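Below are the chains, spelled out letter by letter.
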Number of protein chains: 4
Amino acid sequence: DEAVFFPDIPKISFNSEAGANETLVFKTYNPKEVVLGKTMEEWLRFSVCFWHTFRGTGADPFGFPTLHRPWDDGSDSIENAKRRMRAAFEFFSKLGVKYWAFHDRDIAPEGSNLEVSNKNLDTLVELAEQLQQKTGVHLLWATCNLFAHPRYMNGASTNPDAHVFAYAAAQVKKGLEVALRLGAENFVFWGGREGYHTLLNTNIKKELDNMAAFFRLVVAYKKKIGFNGTLLIEPKPKEPTKHQYDYDAMTVIAFLKTYGLEHEFKLNIEPNHTTLAGHCHEHDVAMAAAFGMLGSIDSNTGSPDLGWDTDQFPMDVKNTTAIMKIVIEQGGLQPGGLNFDCKVRRESTELADMFIAHIGAMDAFARGLKCAARIVDEGVLSMQVLERYSSYSIDIGARVESEETSLEELEKYVLKNGEPERRSGRQEHFESIINHYV
Amino acid sequence: DEAVFFPDIPKISFNSEAGANETLVFKTYNPKEVVLGKTMEEWLRFSVCFWHTFRGTGADPFGFPTLHRPWDDGSDSIENAKRRMRAAFEFFSKLGVKYWAFHDRDIAPEGSNLEVSNKNLDTLVELAEQLQQKTGVHLLWATCNLFAHPRYMNGASTNPDAHVFAYAAAQVKKGLEVALRLGAENFVFWGGREGYHTLLNTNIKKELDNMAAFFRLVVAYKKKIGFNGTLLIEPKPKEPTKHQYDYDAMTVIAFLKTYGLEHEFKLNIEPNHTTLAGHCHEHDVAMAAAFGMLGSIDSNTGSPDLGWDTDQFPMDVKNTTAIMKIVIEQGGLQPGGLNFDCKVRRESTELADMFIAHIGAMDAFARGLKCAARIVDEGVLSMQVLERYSSYSIDIGARVESEETSLEELEKYVLKNGEPERRSGRQEHFESIINHYV
Amino acid sequence: DEAVFFPDIPKISFNSEAGANETLVFKTYNPKEVVLGKTMEEWLRFSVCFWHTFRGTGADPFGFPTLHRPWDDGSDSIENAKRRMRAAFEFFSKLGVKYWAFHDRDIAPEGSNLEVSNKNLDTLVELAEQLQQKTGVHLLWATCNLFAHPRYMNGASTNPDAHVFAYAAAQVKKGLEVALRLGAENFVFWGGREGYHTLLNTNIKKELDNMAAFFRLVVAYKKKIGFNGTLLIEPKPKEPTKHQYDYDAMTVIAFLKTYGLEHEFKLNIEPNHTTLAGHCHEHDVAMAAAFGMLGSIDSNTGSPDLGWDTDQFPMDVKNTTAIMKIVIEQGGLQPGGLNFDCKVRRESTELADMFIAHIGAMDAFARGLKCAARIVDEGVLSMQVLERYSSYSIDIGARVESEETSLEELEKYVLKNGEPERRSGRQEHFESIINHYV
Amino acid sequence: DEAVFFPDIPKISFNSEAGANETLVFKTYNPKEVVLGKTMEEWLRFSVCFWHTFRGTGADPFGFPTLHRPWDDGSDSIENAKRRMRAAFEFFSKLGVKYWAFHDRDIAPEGSNLEVSNKNLDTLVELAEQLQQKTGVHLLWATCNLFAHPRYMNGASTNPDAHVFAYAAAQVKKGLEVALRLGAENFVFWGGREGYHTLLNTNIKKELDNMAAFFRLVVAYKKKIGFNGTLLIEPKPKEPTKHQYDYDAMTVIAFLKTYGLEHEFKLNIEPNHTTLAGHCHEHDVAMAAAFGMLGSIDSNTGSPDLGWDTDQFPMDVKNTTAIMKIVIEQGGLQPGGLNFDCKVRRESTELADMFIAHIGAMDAFARGLKCAARIVDEGVLSMQVLERYSSYSIDIGARVESEETSLEELEKYVLKNGEPERRSGRQEHFESIINHYV
């Protein structure tokens, strides 16, 4: 109980003057520093994910585990699970992060049947409750792992076998109860096995209908038990499945609107998933925000030259600036946050690497926040965007916006006014403005 | 008027016994041959596109035109436009294709102002009307070119300048009138400039609102003038714009549902656009069909190793089989069709290449039709798919489908019935079945 | 010893009349059928890979094992390893495949140190020797697994730690001895960890020098012990490493020529790796063949819409035709072969799926062989290609080829002869010819 | 002659205090400022490319020209060509760039035959000579456009028609003479049409042999006339051709070594081409440098989510830092430079955009230079890399490097010394160090 899992790592401090080689210190992230009227920690709401950081082994499709943690004996015992959780809360505290996130099966071993699994989960949730209370760390979101167990290989809510659908439903029922008990601020669905490997054996429509039916059951039960957290769907285009139904932000919005679920769910956007869908890093964050659907962010990055999810720690200040600008413009992410769905490289085998990676990412986001705050505050950029669309505030443009016009009227306008003026988009000018701040 | 533009090319005939080197003959496509109760030409509804086949020059971003047609003097004169159109109808007739498709600016030169442009268009539409009547060739669809002229460089309906919006509206007004006059069975919108090059200068939400406003104006005018063709939106993820709002089938469906337009539009799917969006060749055709939104198909293909739209002639029978299987299962494409939005390679400089390319693609689709018909007719595949989902017809599965169940009931089911059986997805078996037919 | 591992599966037979749903039978592959003067089995030299087919578990980065084989108790015991090997030889025999391939660590468990590992290997090699003799199955190639063990996480021969280099060297020494004993016809190197994850911590040049030093040691030892098999390098651009030095065929050839190793090695080409490098399916097979470096083929396929190695069974006859055409044109692959570096989908959980997958692929290659043979035999295609380059046989072209000319002479030729004629590349014509055969 | 083409743009000045909206001023690039013992302008050797900046029209595959320059009447007249060139030199001077680069056909119109073309070229070269002398601007490199004219549609030196080969040779002969006359420091070959669109009609080996023959003729003539500039090959994987033989740095090195040309050529690396080949931005720069083959850089960038060459101005300081670190470590690029093979977006239609784009990129490179200089100077990073490989300086590692060891000795070493220690690759630590500087 009083074990110390990271004896060589102190509470991480802030020192803006630290040297190049000092990577176990915050150089920008200063939680109580005020930016645009809120503290950094209010804006940034960082969360550590339990799966990568405490269950990741460094195994990859071509290699065995490389990450051996001294507290983890590799067993599925409850004792091992408890040690892992204590190590995690020590990590959260030393890092100074106020939120965490987990899948049900991350924190407690799956048993020989659902009853045992639920009992295991209860045991660990009790410990989590104590540790949350003791440390002041909150649960950003909980989720159910509906993809790793072989029963889900052909899908969970979209499985061709109704028995599997039932299993997923039962698992989520328990997950919602756990989320309620631990005060989770959100509950996430990532449909890693909801999709197809080959269209040849798949009835897409039936599967999507079933997925919608599943979500309706979830909404009903959530309301019944009084869980008030936001339900979030996390898009990902592919991997592990060849095609996943929750391809990207707009596809999920299409699904929600098709099935009348758009008021019950928001999106949890992961930039590495966005880039796998062929978009730029911040695209889905921007699209979700534009439609009022941005709930939370899995703040990571990928390598644009790789075709799979690398879940790297975000280290690029230009990217973090772009994201924080959107977050600031929508007034913050709460009750969502910035969850580090990131893993240390499998070659980063030291305990210190766990800290270094998170610190580097937190500093990158703190720098992004400061850059974005200046951009928003000075308004140079936003004024120029506003000006670009100003023709819609007057004259024929205003009639378009108020939907009072017609093709006939617009034709008359053109016959009278002729060719529009050419107006430069000025992309390089806008890019140079960003470089002024970043 | 009596000019012959392809003096060396006879009407293309059918000869299933032709040799390897004979590529100016149909070996499978036999228009009146009956397949599953309809003739091949009823199923396949081939259309030749005017832009690539009669306006394509072979120019690419690194090279000048290579395709010099004897009837085309390169000028923007009305006479030249008329010669081109006569050559086109000779081509359609010799090829034996019953449909064509065009953009307004393909068939008639843009003038110094809208009035002149419209007048030019009227002149050529008159000729088209005569030639349609004379040859029995119908107009599969018309569309407006809202992307090539510099005025549209920052978008048409999503342009930050309301004047450009008006221009696009005026152009579409005329386009609808022309479509009506020529008996177009559909009218297509491809938003090649509706999107962004950089988020920095863009208000996504305002642009999408304006795009919806535009489509509402179109619907109103279409109804007013009594044009009964189907309105189609053609998704494309990117190129020429960095990000296009009509990314893929599901994104367009999201847009339509968001703005309440889903009953007024269907989709025109182009497989080369689908693969650029990161999906497999037939994905968007399948998705659109599953949601009852498949209106028409731009039957082409790309090279999966290239990141741009190559608009190649579809020559792969596996692909055409996959597409025709979906088409057969939805009972045909009418009033849509299979429009060859394809261009001969810029190195394919002979007139004969124009025919060879279309013939090869038509034969590939005819083979695909025959394979798909056998697959559908024998029902081996569909029975196995049906069986895969059979658990939803009984017991707890049936209660899921009728939405009578709850998470609590499903949990009880699992606690009682335990772990689901593992059932193989049998992908390789399904693939082998396809190879039996193709 | 006399155990039967696939009691429900008979020796796979040939029946060209089998129905669509019959996928446990060859419909085209008929080993003794003669094609262009050789039997199918002489041309096709199929090999089953031990790793995927007998060590694959169906685990993926997001999911646990799904493939449970009745003979495999999941342990690392020698007894388990022996059972696996007996099952494998039963599989080879029932399938009628004459070759297999393995990594050292596939067939025998790694021990607590190299001595134990080598002893384990010897034990299993002895069994392999007996089973090879009993069944007439030969070893197409052996290889060492220098990527899965954590010691290799930063590379084997390119590891920054010389101790790891030494370990890899010791492992390969044993591997060569085993290859010699089992009569391996080739020995393969796949450098899955030879590359970098970040340039920041990497000295590329030093690593490539070391890789070359490693290969020189291998060549020396190979000669010393009298192993006459071909040494093969297998290119792959990325995955698991961000960048692998053996990116594609031409990159490996560059490496070999840079270090004077081009006469000691050939290439083992895997089409799924080729497509991950951004090329078309058969590109690296064609490039390697053009440079006389095509040694063997890992005959699999990927999904062009996925950015990772899916190692699917090749089922596309157009692809197999393209590959077999190159193989026929170079007179066969011996001592190389067509190794199925393929895995059943993790959802294909039945034992029968193992057979169905291989049978489907073997039939696809047999069809490809027959198509390619007709293409080569009739010579329609090759004559047209020959004709395309005929200008190099005469006049100024002949002087170019014999390198007797100069820029001055060529300028004079142009000043005298003017502009070259435009000659169509006729791509669609060539594609139509292929469709005549496939 | 005394015309002023950019009347509203002054000579661009340096002002590190300029505001966000001021984008017509250098904030970091200060040509005479000394960094690591050289001035910025010595390190950076910026070059403006004539083709994009003075011949680019903004046309794209879906759109007509958008960029209308007041001095350009759109004609092919010599007078127009002269005005363009004068405008260009005014641009170079106002921007303060000391180098330019061009293709033969950029600066002078192609005539009705080679004689006329050469005469046109001479006329413009004479003007260029005068303007170079007057302004002090030098020619970084010249090149021949062997890809835009239809005659090259099937390749230049790899064309199946020897007549085209001859034409390309004649054109390069003149190009070399022009380069000599204008004091070009390099001469570049970009093989945009050297490759294949389909393997079906292509003899790869013959084409590569011919390409090598071509380069040998070039080397001979270069020596004959005493041109001492460096010959450079610029790799690009694809576009406009489906596959280009000069795929990436390593592929070109393979080609050069195969044909014994590696001492006569270096590489001109373009990062946008590198990313199209599936590598990270600086990969080919790093590979070329590691092999002593880095001659010059086409300093641009692409959009990682787009599959074609966007030739954007480099604005990312992390990228420019990575590149300048390599440049500093090899002691500079001379006689190569940083050529801006970049184009303003087609929507950036104002003359000022031409300046803003170049200024933004020059500042990004100046910031990259300063960051890289600090990284190199402080040595924190390089010391840690050195330390990573230190085991090769002693003991068994030293014997590996000196190639004195054998597999037997290495096996003995492992049997005695056992398992290597696990050493973290520390990627996140290295990334954090970079973030300290950038």
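Residues numbered from 1 in each chain as written. Chains lettered and ligands numbered in written order. Predicted model: local features only at pLDDT ≥ 70, side-chain atom pairs only at ≥ 80, totals over all residues. Heavy atoms only, no water.

### Overview of the packing of aromatic side chains
For the record, the criterion: Any two rings among Phe, Tyr and Trp, with Trp reduced to its six-membered ring, count as a pair given centres within 6.5 Å; such a pair is stacked if its planes are under 30 degrees apart, edge-to-face if over 60, and tilted if neither. Each helix corresponds to a stretch of at least 4 residues labelled H or I by DSSP, and each strand to a stretch of at least 2 residues labelled E; elements are numbered beginning at the N terminus. For every residue, the accessible area (1.4 Å probe, protein chains only) is compared with the maximum for its type, and the residue is labelled buried under 20%, exposed over 50%, or partly exposed between those bounds. Here, a charge over a ring is recorded when the distance from Lys NZ or Arg CZ to the ring centre is within 6 Å and its angle to the ring normal is within 35 degrees.
A full pass over the atoms with the stated rule returns 124 aromatic pairs over all chains. Both rings, one in Phe62(A) and one in Trp190(C), keep their centres 5.2 Å apart while their planes meet at 50°; by these two values the pair is tilted. A residue pair is termed interchain when its members come from two chains, as with Phe62(A) in the loop between helix 2 (50-55) and helix 3 (78-95) and Trp190(C) in strand 6 (residues 186-190). Note on Phe62(A): relative accessible area 17%, which makes it buried. An angle of 25° between the planes, with centres 5.2 Å apart, marks the rings of Phe46(B) and Phe340(B) as stacked. Here Phe46(B), found in strand 3 (residues 46-49), pairs with Phe340(B), found in strand 12 (residues 338-340); they are 294 residues apart in sequence, far enough to count as distant. Accessibility classification places Phe46(B) together with Phe340(B) in one group, the buried group. An aromatic cluster is present here, built from Phe5(A), Phe6(A), Phe50(A), Phe54(A), Trp71(A), Phe89(A), Phe91(A), Phe92(A), Trp100(A), Phe102(A) and Phe355(A) joined pairwise through their rings. Note that Arg151(A) overlies the ring of Tyr167(A), its terminal NZ or CZ placed 3.7 Å from the centroid.

### Notes on the relation of the copies chain C and chain B
Let me state the cut-off plainly: When the copies are superposed, the least-squares fit draws on C-alpha atoms of residues that have pLDDT of at least 70 in both.
The operation relating chain C to chain B is a screw motion whose rotation component is 180°, with 0.0 Å of axial translation and a residual RMSD of 0.0 Å. One copy is carried onto the other by what is essentially a two-fold rotation axis. No C-alpha of chain C lies nearer the rotation axis than that of Pro304(C), which sits 3.0 Å from it.

### Examining the interface of chain C and chain B
Cut-off, in case you're wondering: Contacts are assigned to residue pairs that have any heavy atoms within 4.5 Å of one another. Buried area adds together the accessible area that both of two parts lose upon being put together, with accessible area traced by a 1.4 Å probe. By definition here, a salt bridge exists when the distance from a side-chain nitrogen of Lys or Arg to a carboxyl oxygen of Asp or Glu is within 4 Å. Throughout this description, a polar contact denotes any pair of N or O atoms lying within 3.5 Å of each other; where both atoms belong to protein, one of them has to be capable of donating a hydrogen while the other can accept it, and for residues adjacent in sequence the pair is counted only when both atoms sit in side chains.
The interface is formed by 47 residues belonging to chain C together with 47 residues belonging to chain B. Area buried by chain C at its contact with chain B is led by Ala20(C), Met315(C) and Glu428(C), which between them contribute 17% of it. Linking chain C with chain B are zero salt bridges, by the criterion used here. Our enumeration of links across chain C and chain B arrives at 32 residue pairs in polar contact (both at pLDDT 80 or more).

### Things to note about the pairing of strand 11 (residues 294-298) of chain B
Remark: a regular strand shows side chains that alternate across the two faces of the sheet. Residue and element names in this part refer to chain B. Convention followed: Any two strands with at least two DSSP-identified bridges between them are counted as paired.
In terms of residue burial, strand 11 counts as a mostly covered element, since five of its five residues are buried. One ladder, built from three bridges, connects strand 10 (residues 265-269) with strand 11; its direction is parallel. Residue pairing for strand 11: Ile269 is matched across the bridge by Ile297. The pairing of strand 11 with strand 12 spans two bridges and is classified as parallel. Bridged to Ile297 within strand 12 is Leu338.

### So, the sheet that holds strand 3 (residues 46-49) of chain A
Residues and elements named next belong to chain A. Stated formally: All axes are obtained by fitting lines to C-alpha atoms, using only the stretch in contact for helices, and the reported angles, taken between N-to-C directions, cover 0 to 180 degrees.
Strands sit in the order 3-4-5-6-8-10-11-12 around a closed barrel of eight strands; the barrel is parallel. Along the sheet, successive strands turn relative to each other by an average axial angle of 30°, direction set aside. In the sheet, strand 4 (residues 99-103) pairs with strand 5 (residues 138-143) via five bridges, with the strands oriented parallel. By the bridge assignment, Tyr99 is partnered in strand 5 with His138. The sheet contacts of helix 12 (residues 351-378) involve strand 3 and strand 12 (338-340), and relative to strand 12 the element is tilted by about 155°.

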